[in-house]
Structures are given as C-alpha cells and as structure tokens.
Amino acid sequence: MTNHRHFILHKPFGVLSQFRCEHDWKRVLGEIYDFPEGAMPVGRLDEDSEGLLLLTTDGKLCDLMRAKDKEKEYYVQLDGLIDETGLGKLRNGIEIGIRGIKYLTLPCRAELIPDPEFPPRIKKIRDDRHGPTSWISIIITEGKNRQIRKMTAAAGFPTLRLLRVRVDQVALGDMTAGEVREVSGF
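As annotated in an unreviewed UniProt entry, the chain carries the name Ribosomal large subunit pseudouridine synthase E and comes from bioreactor metagenome. UniProt lists a comment for the chain under the heading Sequence similarities (unreviewed entry), and it reads "Belongs to the pseudouridine synthase RsuA family."

Let's shift gears to the state of the cysteines. Per the counting criterion, the structure on display carries 0 disulfides. With no disulfide of its own, Cys21 lies closest to Cys62 among cysteine sulfurs, the gap being 20 Å. Cys21 gets classed as partly exposed once you look at its relative accessible area, which sits at 24%.

In this section: the pairing of strand E1 (residues 6–11). E1 sits mainly inside the fold: 6 of its 6 residues count as buried. Alignment of E1 against strand E3 (residues 50–56), held across 6 bridges, turns out to be antiparallel. Paired with His6 across the strands is Thr56, a residue of E3. Here E1 pairs with strand E11 (residues 180–183) via 4 bridges, running antiparallel. Bridging across to E11, Ile8 finds its partner in Arg181.

A word on the domain arrangement of the chain. By the assigned domains, the chain splits into domain 1 (6–67 + 170–183) and domain 2 (72–167). In this structure, domain 1 and domain 2 have C-alpha centres spaced 21 Å apart. With 18 residues of domain 1 at the interface, the matching set in domain 2 holds 15 residues. The contact between domain 1 and domain 2 buries some 1300 Å² in all, and 47% of this surface belongs to carbon and sulfur atoms. Our enumeration of links across domain 1 and domain 2 arrives at 3 salt bridges. Here the side of domain 1 that touches domain 2 takes 5 residues from E3, the largest share from any one element. Taken together, the residues of the side of domain 1 that touches domain 2 break down into 11 nonpolar, 3 polar and 4 charged.

Right, let's talk about the environment of Val183 for a bit. Here Val183 is to be found in strand E11. For the pair formed by Val183 and Asp48, sequence separation is 135 residues and the distance between their alpha carbons is 26 Å. Apart from the residues lying within four places of it in its own chain, the contact partners of Val183 are His6, Phe7 and Ile8.

Conventions used here
- Residues numbered from 1 in each chain as written.
- Predicted model: local features only at pLDDT ≥ 70, side-chain atom pairs only at ≥ 80, totals over all residues.
- Heavy atoms only, no water.
- UniProt positions renumbered as here; feature names shortened; annotations may be inferred.
- Disulfide = S-S within 2.5 Å.
- Buried < 20%, exposed > 50% of the residue type's maximum accessible area, 1.4 Å probe, protein only.
- Helix = DSSP H or I, 4+ residues; strand = E, 2+ residues; numbered from the N terminus.
- Pairing = 2+ DSSP bridges.
- Domains from an automatic or database assignment.
- Contact = heavy atoms within 4.5 Å.
- Buried area = accessible area lost by both parts, 1.4 Å probe.
- Salt bridge = Lys/Arg side-chain N within 4 Å of Asp/Glu carboxyl O.
- Nonpolar A, V, L, I, M, F, W, Y, C, P; charged D, E, K, R; others polar.

This is the structure:
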C-alpha cells in the first residue's frame, strides 16, 4: 500500500498551478515548496488568482475532490458596486463562453461581503480613483476555465481580484501567500 501525501497551499498571485512550463520566466509550484514526486494539484487556479490549492499524490483522491458535489468558495473583488440584480444574475446561472461555445453556468450562491482585508497583492490591482469596488462570496460546484471571472464580467462587474477560500470542508483560514501545510487528508 502506498503512503500518499497531501498538501494545502495558499497559492500566491503570479504562480501557475502546474510543475512545468515551457516559458522559463513563469513561476511554477515547485518554486514554492519541494513537493514529492507524483504530487498533483486538485483543480487549478489561473496565474492571476490566489488562494487555496490542494495537492496530493493520490490520483483517486484528486478525482474525488474535483467531483461536482464538492463546493468551491471564492472571495471576489469586483469593479463597481454590485447590487441585487447583479447578484441575481450570478445566482441563477449566467451565459459565458467556454472555448468559443456558449455555456449557461449552474445556479450558485453569491452574497455581498465586507472587504476581507487580505494583504495587498504583489502587483497593485488599480488606483482607488478609478471608482468603487465591492467584494462577494461566490460558491460553485463546477469549475470551468476562468469561470468566476467570466461570470462576473457577464453580470457587468469585472473581477479585479480572486481568491479561493474553501474546497469542500478544507478552508484557507489564516494561511499566508506561499504557505504550505502537509495534512493527513482532505
């Protein structure tokens, strides 16, 4: 029987959710921590997204954690002050494009939240004089390519900052960007 290893990472902005990249100027997961051979990310966060990334050496657990019944929660900073109409569009499902094909997202939970006061990003998002921003919590069970960013843009409130804070029962908590914790399982 193989002894699998499992990790929780607070993926920083500007890091790819992969171990190799043909572009040597891109930062990859192996630059953050010496993960064991066979470690794989459970799902992905794009280069511009931050937050909770699970990694494991167990392929079966990886598939189980990516299942459609597993909730993924994100805190999203939006350009503009979202209202109930905008939140309703997100909650009810909104049409986005996936690889050139129109796709209606599944209904989700979306709520306005106070500023979670995360530490500033390495790269400044924008200057305050460009107008107000708002924060939402959005919980989905699917995970299409750049889905949250596409959903908020389609609702009229482009994403400025995106952090995954929870996958199923595993939460980011007080972890700082770049921090890795080895855990017994998910």
